[in-house]
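Inside the fold
In case you want the letters, here they are:
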Amino acid sequence: MADNQRELVLDTTRLEPWEIAAHLHIRLAYPSATAARTQRLIKSVCADRIAVMIEQNPESRSELLARFPTYNPRQVRTGREGIITNFEEAHRMGAAVLALVKEAATGELPVVNGQRRQLSLDFIVQYLWPNSANAGEEKYLMWVHDVKKRQVRKRYPMAHLAAALAWLAREKSAAGAPMELAYDDLDFLRRWVSKACEIAGYIRATPTCELMASQLIDLRWIEPGQVFAPGKKA
């Protein structure tokens, strides 16, 4: 991956599928992490992945540690419970983005109470993060403001990735399948990044998403015979 936090280069000729998944996972789970912390977290997730593979196939231990010495679980702090995924929040943020860019993507406004209308971010956030605690109106609105700040706006740079994840989750739900982050499924990861590149175009074409569009990280997917990025057809 490039050192620049504004760019994410996913090169399948250099990275294993689970390394690519770790980059995407950490970018969404820790949207405001520094470049150094992002790298530490990715390394930790990858080391944990190696630990799982060794646990499942003990005979592969020597080969795995020889191939991936940087991810030796004995030398890297890992913890399957310690890495906070925040994927539920990333998914909801992605759903908010899909609602915001629906007109750019489909030519039609979202439908609310039987009528098509342009939705504000405030409306969408209150719909996706309802007052489940039955707090008073003032307290709830303060909480919603905090949600917009911490869960939505902090993820503006990864809005296209979050929206693509939400889109894939809807697709899987329609097929009756659960949504899982497939660490070893290169096809899933390719479709995720490809869809994110497509959605980046919709974000940039939506006037109300100007700030979000200005913060999007640049994505680039590389594999033999295939390179795609926002503005390029996958």
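Look up: the structure comes first, before these words.
Here's a quick rundown of the structure.

Conventions adopted
- Residues numbered from 1 in each chain as written.
- Predicted model: local features only at pLDDT ≥ 70, side-chain atom pairs only at ≥ 80, totals over all residues.
- Heavy atoms only, no water.
- Helix = DSSP H or I, 4+ residues; strand = E, 2+ residues; numbered from the N terminus.
- Contact = heavy atoms within 4.5 Å.
- Salt bridge = Lys/Arg side-chain N within 4 Å of Asp/Glu carboxyl O.
- Buried < 20%, exposed > 50% of the residue type's maximum accessible area, 1.4 Å probe, protein only.
- Axes fitted to C-alpha atoms, helices over the stretch in contact; angles between N-to-C directions.
- Parallel < 35°, antiparallel > 145°, perpendicular 65-115°, else oblique.
- Left-handed = near helix turned anticlockwise from the far one by under 90°.
- Nonpolar A, V, L, I, M, F, W, Y, C, P; charged D, E, K, R; others polar.

Glancing now at the side chain of Arg 190. With respect to the helices and strands, the residue Arg 190 is situated in helix α9 (residues 186–204). Excluding residues that lie within four positions of it along the chain, Arg 190 makes contacts with Trp 221, Glu 223, Gln 226 and Phe 228.

Right, let's get into the pattern of salt bridges. The full count for this structure, using the stated rule, is 10 salt bridges. Where Glu 89 meets Arg 92, a salt bridge forms, and the shortest distance between an N and an O atom there is 3.1 Å. On the criterion of helical spacing, the pair formed by Glu 89 and Arg 92 is a turn pair, its members being 3 residues apart in helix α4 (residues 87–100). A salt bridge links Lys 148 to Asp 122; its shortest N-O distance comes to 2.2 Å. A residue pair is termed long-range when its members are at least 10 positions apart, and Lys 148 in helix α7 (residues 137–152) and Asp 122 in helix α6 (residues 121–128) qualify at 26 residues. By relative accessible area, which is 9% here, Lys 148 ends up buried.

Despite not being glycine, Asn 113 has its phi angle at roughly 50°, a positive value. Counting through the fold element by element, Asn 113 comes out in the loop between β2 (111–112) and β3 (115–116).

Right, let's talk about the packing of α4 against α6 for a bit. At a minimum axis distance of 10 Å, the contact between α4 and α6 shows a crossing angle of 140°. In terms of orientation, α4 and α6 fall into the oblique class. As for the relative orientation of α4 and α6, their crossing is right-handed in sense. Counting all contacts with α4, which are made through Arg 92, Ala 95, Ala 96, Ala 99 and Leu 100, the residues of α6 involved are Leu 121, Ile 124 and Leu 128. Along the lines of polarity and charge, the residues of the contact of α4 with α6 split into 7 nonpolar, no polar and 1 charged.

Moving on: the packing of α4 against helix α8 (residues 159–174). One can describe the packing of α4 onto α8 by two numbers: an axis separation of 7 Å at closest approach and a directional angle of 95°. When the interaxial angle is binned, α4 and α8 end up roughly perpendicular. Of the residues in α8, those in contact with Phe 87, Ala 90, His 91, Met 93, Gly 94, Ala 95, Val 97 and Leu 98 of α4 are Ala 159, Ala 162, Ala 163, Leu 165, Ala 166, Trp 167, Ala 169 and Arg 170. Residues that form the contact of α4 with α8 fall into these classes: 13 nonpolar, 2 polar and 1 charged.

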